[in-house]
Every structure is written in C-alpha cells, then in structure tokens.
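# Observations on chain architecture
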Amino acid sequence: MHWLSTTRTLNDLGNGNSYTTASGSTLTTQVEINETTNERRTYVMVDHVRALVVRSDIGTKNGILHYIDTILGLPYRTIPQEISHNSLTMNRMNILLSEAGLTSSLEEQTNQWTVFAVTDKDLVAMNKTDANNQSTFGRILFTDNRYNDLKTKIVKRHVVSGRFYTDGVTETNTPNLVTQSGESLVMFRRNNEFYVSLVGMQNTEAKIVQRDIAVTNGVVMVVNDLISSGDPELSASTSGSGTLTTSLALIFTMFIFLFNEKRL
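Bear in mind that the values here come from a model prediction, so they are computed numbers and not experimental data.

Scoring rules and cut-offs
- Residue numbers here run from 1 along each chain, matching the order of that chain's written sequence.
- Two thresholds apply to this predicted model, a pLDDT of at least 70 for residue-level local features and 80 or more for giving and counting side-chain atom pairs, whereas whole-chain, interface and lining totals are computed over all residues.
- Excluded from the side-chain calculations are hydrogens and water; all other atoms, namely the structure's heavy atoms, are used.
- Summary of the burial criterion: residues with accessible area below 20% of their type's maximum are buried, those above 50% are exposed, and those between are partly exposed, where the area comes from a 1.4 Å probe applied to protein chains only.
- Strands here mean DSSP runs of E at least two residues long; helices mean DSSP runs of H or I at least four residues long; both are numbered from the N terminus.
- Here, any two strands with at least 2 DSSP bridges between them count as paired.
- Here the axes come from fitting lines to C-alpha atoms, over the contacting stretch only for helices, and the angles between their N-to-C directions go from 0 to 180 degrees.
- Remark: nonpolar core denotes a set of buried residues (Ala, Val, Leu, Ile, Met, Phe, Trp, Tyr, Cys) joined through side-chain atoms within 4.5 Å.
- Any pair of residues with heavy atoms lying within 4.5 Å of one another is described as a contacting pair.
- To obtain the arc, one takes the directions from the helix axis to the C-beta atoms.
- Aromatic pairs are defined between Phe, Tyr and Trp rings, using the six-membered ring for Trp, whenever the two ring centres lie within 6.5 Å; interplanar angles under 30 degrees are classed as stacked, those over 60 as edge-to-face, and all others as tilted.
- Charge-over-ring placement is defined geometrically: NZ (Lys) or CZ (Arg) within 6 Å of the ring centre, and within 35 degrees of the ring normal.

Most of strand β12 (residues 218-223) sits out of view: 6 of its 6 residues are buried. In β12, alternate side chains face the same way, and those of Gly218, Val220 and Val222 on one face and Val219, Met221 and Val223 on the other are all buried. In this structure, strand β11 (residues 206-215) lies alongside β12, joined through 5 bridges in antiparallel fashion. Residue pairing in the sheet places Ala214 in a bridge with Val219 of β12. Taking the residues that link successive antiparallel strands as the turn, the β11-β12 hairpin has 2 residues.

With respect to topology, 7 strands assemble into an open sheet ordered β7-β6-β12-β11-β10-β9-β8, the strand pairing being mixed. Either end of the sheet is taken by a strand with one partner, and the two such strands are β7 (159-161) and β8 (176-178). For this sheet the average axis-to-axis angle between neighbouring strands, irrespective of direction, equals 30°. Judged from the 6 bridges that link them, strand β6 (residues 113-118) and β12 form a sheet pairing that is parallel. Bridge pairing in β12 places Val115 opposite Val220.

Formed by 42 residues in total, the largest nonpolar core has its most connected members in Ile83 and Phe116. Ile83 has contacts with Met90, Met93, Asn94, Leu97, Val115, Ala117 and Val220, leaving out every residue within four places of it along the chain. Residues Leu27, Val44, Val46 and Ala51 belong to the second largest nonpolar core, which totals 10 residues.

The phi torsion at Asn38 lies on the positive side, around 65°, for a residue other than glycine. Positive phi values are uncommon outside glycine, yet Asp57 reaches one of about 55°. Locating Asp57 in the fold gives a position in strand β4 (residues 49-60). A residue is classified by how much of its surface remains accessible, and Asp57, at 40% relative accessible area, is partly exposed.

With that settled, the discussion passes to helix α6 (residues 148-156). Of the positions making up α6, those classed as buried are Leu150, Lys151, Ile154 and Val155. Taken end-on, α6 shows its buried residues confined to a sector of 135°, consistent with a single buried face.

The subject of this paragraph is the packing of aromatic side chains. Taken as a whole and judged by the stated rule, the model has 1 aromatic pair. Between the aromatic rings of Phe188 and Tyr195, the centroid separation amounts to 5.6 Å while the plane-to-plane angle is 15°, which identifies the pairing as stacked. When its relative accessible area of 11% is taken as the criterion, Tyr195 is described as buried. Lying over the aromatic face of Tyr195, Arg190 brings its terminal NZ or CZ to 4.3 Å of the ring centre.

As structure tokens, then:
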C-alpha cells in the first residue's frame, strides 16, 4: 500500500486525489495550507490512517521516492495523542476532555470512540464578548466555574461511543450518533462537504475540516465549531451572566455616589 505503479511528484498529489496502490488499496491525498505562514503540507491516507510527507521528490533510476512519517494502514496513536499531535493545534480540546473526565476512557484500548475535536483557533474565536458585553463561550468553557455542568454537557456532545466514518454518508443517508451527553448527532453531506449537528436543534452544525482519522481506539474528526452554537441554553446562560455583571456594576457605582455624597 506504499507503492504506486506510476510516478507522481509532490505537485501531482493534489487535494482529494485518489490512487490505487500495488496492494489494491485506495490511497487518497490531502493538502493543507497554513493561513499564517502559507506553508503547504501534503498528507497521504490509506485505510483512514494519515501520514505527512516529510521529504519529497527524491529521484531514482526507476521512479520517485517520498518519505512519510507514519506507516500507512496501521494506527498507532490514541485519541488524545492524535488531538495533541494533529497539524491543526487542539491543545484546548484536550484540556476540555480532561476536565469533563473523559481522557482516561479515551486512552483505553477496550472501547472504541469517535471524537469531534475543535481547533484552538476556532475556540479562541469564540472567546469574545458581544455588543452588550455579555459573556460568551470563552467564559463558559475556560473561566467561569458556575458553568461547569453546562461545560461538561457541551464537551460530551463531541464524544460518541463506537467507530464511525463519513464513508457512506450522502445527501440522503444521514446516520444518527448517540453522544456521551445522551443527545443525538447527525452527520450529513452538502455540496461535497461533511457536517455534523445536534438532532432537533437549529444552528448547531459544524463543518468537518479533517475527517476519518483512524487511531488505535477510534476515529478523530476535526470540526470548525462547537456543536452547540445555537443552543438556547447557552444563550440563556450568557445573557444571565451579562445581566449579573451589569447589576453589580450599577450597585458599585451607586455605592461610590452615596459615599461621595456623605463626604460632602
């Protein structure tokens, strides 16, 4: 599965290309461009195991060699390890999984899991306030302990028992997956791209930007958003927090006013 019967340079390995290997397996290629450095990275995948091309276009008498960092078809990382080593940094996701009490289960080899992991970049983008200075995902996920139960629920929405791939997901075939929060997710395809969302809840979809990464105990899917954005419970929680902050500010302001009046 590491050998193609035709010569292909790195530039030939475009995003989404497929080739048949000498063993009869299908090898697909993925290309990622770093938005900050403009660095191009090329990956090859066989049987859902992805490898980075670390050195390319080495000419020989009868072909071309490309060096990769992983044996194709043979998963060797656990879910937390893949999240830590993925090219799209996801350190915050591992922190959230740990705080939700899921890390030890996701390290074990006795069960299979599918995890929808959010990148640090996308989590940081959520850590802002709106025009009314009300708290947002950043406070719920990382700073305010009052929301620990809600945070755990959000994180568990991203973990499904069992090994699932996007293979077979079409416009009409949309499998439902039961999460560790007890809710259901649906994976679906639209315009040749894959998404996941909560069943029965609007505006909770996230795009799958890296899919079907096989690990020793399951599958990792990288998504570009929390599968919770449109949850009314989140809106209610953040609005309530914003009101509390405003009320405290008014009380503090009134106290200063009365104190100054007394001094005069």
